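One letter stands for each residue in the lines below.
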Amino acid sequence: GMQSHLQALLSLYKLFCPELVTITLPGKMKTYFKNSEGPWKAAINTVRRRNQTSSPVFQPLLLGPAPPQSRKRKWNTQLMIPASSTNRNNLEGDREKNCVKLYSRDESFPVEQLQTFSQLLQNIHHLEFPSQMGSVLTNPLLLHYMNCIKDESVYLRLYYWMGQTLQEECTWCVADNSQYEEEFKDFLETVYKTECFLQEGFSSCEEFLYKSLPLWDGVCCRSQVLRLVSWIPLSGFSEMKSHLYDPLVQLFFTSSLYFKCSVIESLKELLQNWLNWHAIHLDSESDS
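Numbering of residues starts from 1 in each chain and follows the order in which that chain's sequence is written. pLDDT decides what is reported in this predicted model: residues at 70 or higher carry local features, side-chain atom pairs at 80 or more are listed and counted, and totals for whole chains, interfaces and linings draw on all residues regardless. Values shown for side chains rest on all heavy atoms present in the structure; no hydrogens or waters enter the calculation.

Chemist: How do you make sense of the overall build of the chain when you look at a structure like this?
Modeler: Helix and strand definitions follow DSSP, with helices as H or I runs of at least four residues and strands as E runs of at least two, each counted in order from the N terminus. Looking only at helices and strands, the chain has eleven helices and zero strands in total. Its helices and strands in sequence order give the chain the pattern α-α-α-α-α-α-α-α-α-α-α, from N to C terminus. Accessible area is worked out with a 1.4 Å probe on protein chains only. A residue is then buried under 20% of its type maximum, exposed over 50%, and partly exposed in between. For the chain, buried positions account for 34% of its 288 residues. Residue pairs at least 24 apart in sequence account for 60% of intrachain contacts in the chain once pairs closer than 6 positions are excluded. Here, residues are in contact when the closest pair of their heavy atoms is within 4.5 Å.

Rendered as structure tokens:
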């Protein structure tokens, strides 16, 4: 007899190839397959908006302190990078003690009071990473600290936060986020500058690029995306061919000369970053 999941499969065939399904199917059935046309509809709507209306004025990316937000973005909220902050109870205790300069070995130095590089050197053993790891992206002193303190948990915290933010804010993968393109551009630019500062790429950016490049139109956030490509960590050729080169090849042969040059420039920088990484790695091995 007819089973529900088989009826759903036949209805999907009838939707795209009605001549292949001659039997009568019930009108109301449980949805078993997600709509695969979502990203394409989002891209079409974006092109329509560009052709019909002038580009709207976007509000700048907020880098200051912000109230906690739920994981799902509301329609009237902005993409925010959290400000550096420690535990609020520790701050209130510090204010009561009025200890701004001197701290015992058992006390931590609040990141809000970290202003100079000399402060970083004097209190490097008393610092704690902020409660919201995303704030390190806009704080060069914390990035120096992150480079010195090789803590796997720190990279994991940043990995989860950045991966979730990239997935939810990608303007060409989610139809509702097309109006936030300028904010997303600024965020990708901040991530790229952080990678340049650390001289290494984030694995969360690599996963984001591998998942989103097949859906990318080559226009939205083009400069920022190609810059992030140049910091992809070195991996196996078969993996990079299917996830990186194949999507770029499809865009390469159908795009303008400027886009072709931009892709070649990005891959050249990718090769340079790999060679630099190998040179540093070999030097460290010879020193040890």
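Back to the text.
Chemist: Can you help me understand a nonpolar patch on the surface in this one?
Modeler: Together, Leu 9, Leu 12, Tyr 13, Leu 15, Phe 16 and Leu 20 make up an exposed nonpolar region whose accessible area comes to about 620 Å². Here Leu 20 is to be found in the loop between α1 (4–16) and α2 (38–52). A patch is a set of surface residues, each over 30% in relative accessible area and not in a salt bridge, joined within 9 Å for like charges and within 5 Å for the nonpolar side chains Val, Leu, Ile, Met, Phe, Trp and Tyr. Each accessible area value is a Shrake-Rupley result obtained with a 1.4 Å probe; residue values ignore everything except the protein chains displayed when judging cover. Throughout this description, the term salt bridge denotes a Lys or Arg side-chain nitrogen within 4 Å of a carboxyl oxygen of Asp or Glu.

Chemist: Please explain the pattern of salt bridges as it appears in this structure.
Modeler: Any two side chains of opposite charge can pair, on the condition that their charged atoms come close. This model, assessed by the stated rule, comprises five salt bridges. Between Glu 182 and Lys 185 there is a salt bridge, with the nearest N and O atoms lying 3.7 Å from each other. Here Glu 182 pairs with Lys 185, and both are found in helix α7 (residues 181–198), just three residues apart, close to one helical turn. Taking relative accessible area as the criterion, Glu 182 reaches 31% and is therefore assigned partly exposed.

Chemist: Is there a simple way to explain the packing of aromatic side chains in this structure?
Modeler: In this description, an aromatic ring pair is defined by two values, namely the gap between the centres and the angle between the planes. Between 30 and 60 degrees the pair is tilted, below 30 it is stacked and above 60 it is edge-to-face, where a pair is any two Phe, Tyr or Trp rings, Trp via its six-membered ring, whose centres lie within 6.5 Å. Under the counting rule described, the total for this entry stands at nine aromatic pairs. Note on Tyr 159 and Tyr 160: the rings are 5.2 Å apart at their centroids and 65° apart in plane angle, and the pair reads as edge-to-face. We classify Tyr 159 as partly exposed; its relative accessible area is 24%. The class of Tyr 160 is exposed, set by a relative accessible area of 55%.

Chemist: Is there a simple way to explain the environment of Glu 269 in this structure?
Modeler: Along the chain, Glu 269 turns up in helix α11 (residues 257–287). With 38 residues separating them along the chain, Glu 269 and Trp 231 place their C-alpha atoms 8.1 Å apart.

Chemist: Got a minute to help me understand the packing of helix α6 (residues 152–169) against α7 in this structure?
Modeler: For any two helices packed against each other, one specifies the inter-axial angle together with the distance between the axes. Axes here mean lines fitted to C-alpha atoms, for a helix over just the part in contact, with angles spanning 0 to 180 degrees between N-to-C directions. It is at 11 Å that the axes of α6 and α7 come closest, and there the two elements cross at 150°. Taken together, the axes of α6 and α7 are roughly antiparallel relative to one another. As for the relative orientation of α6 and α7, their crossing is left-handed in sense. In this structure, α6 uses Trp 161, Met 162, Thr 165, Leu 166 and Glu 169 to contact α7, whose residues at the interface are Phe 184, Phe 187, Leu 188 and Val 191. The residue classification treats Ala, Val, Leu, Ile, Met, Phe, Trp, Tyr, Cys and Pro as nonpolar and Asp, Glu, Lys and Arg as charged. All others, Gly included, are polar. Of the residues that constitute the contact of α6 with α7, the class distribution is seven nonpolar, one polar and one charged. Angle categories: roughly parallel below 35 degrees, roughly antiparallel above 145, roughly perpendicular from 65 to 115, and oblique for all the rest. Crossing handedness: left-handed means the near helix sits turned counterclockwise from the far one by under a right angle, and right-handed means the same turn made clockwise.

Chemist: Looking at this model, I keep getting lost on the environment of Phe 202. Mind explaining?
Modeler: Within the element layout of this structure, Phe 202 appears in the loop between α7 and α8 (203–212). In this structure Phe 202 comes out as buried when scored by relative accessible area, which is 8%. Between the alpha carbons of Phe 202 and Tyr 159 there is a distance of 7.4 Å; along the sequence they are 43 residues apart. Excluding residues that lie within four positions of it along the chain, Phe 202 makes contacts with Leu 158, Met 162, Val 191, Thr 194 and Glu 195.

Chemist: How should I be thinking about helix α10 (residues 237–252) in this particular structure?
Modeler: Owing to its 3.6 residues per turn, the α-helix aligns residues three or four sequence positions apart on the same side. The end-to-end C-alpha distance of α10, which contains 16 residues, comes to just 19 Å, noticeably less than the 22 Å that a straight helix rising 1.5 Å per residue would cover. The axis of α10 is deflected most strongly, by about 40°, at Tyr 245, and proline Pro 247 appears within four residues downstream. Buried positions along α10 lie against α8, α9 (222–229) and α11. Here the expected span of a helix is defined as 1.5 Å times the quantity of residues minus one. The reported bend at a residue is simply the angle between two axes, fitted to the 7 residues ending at it and to the 7 residues beginning with it.

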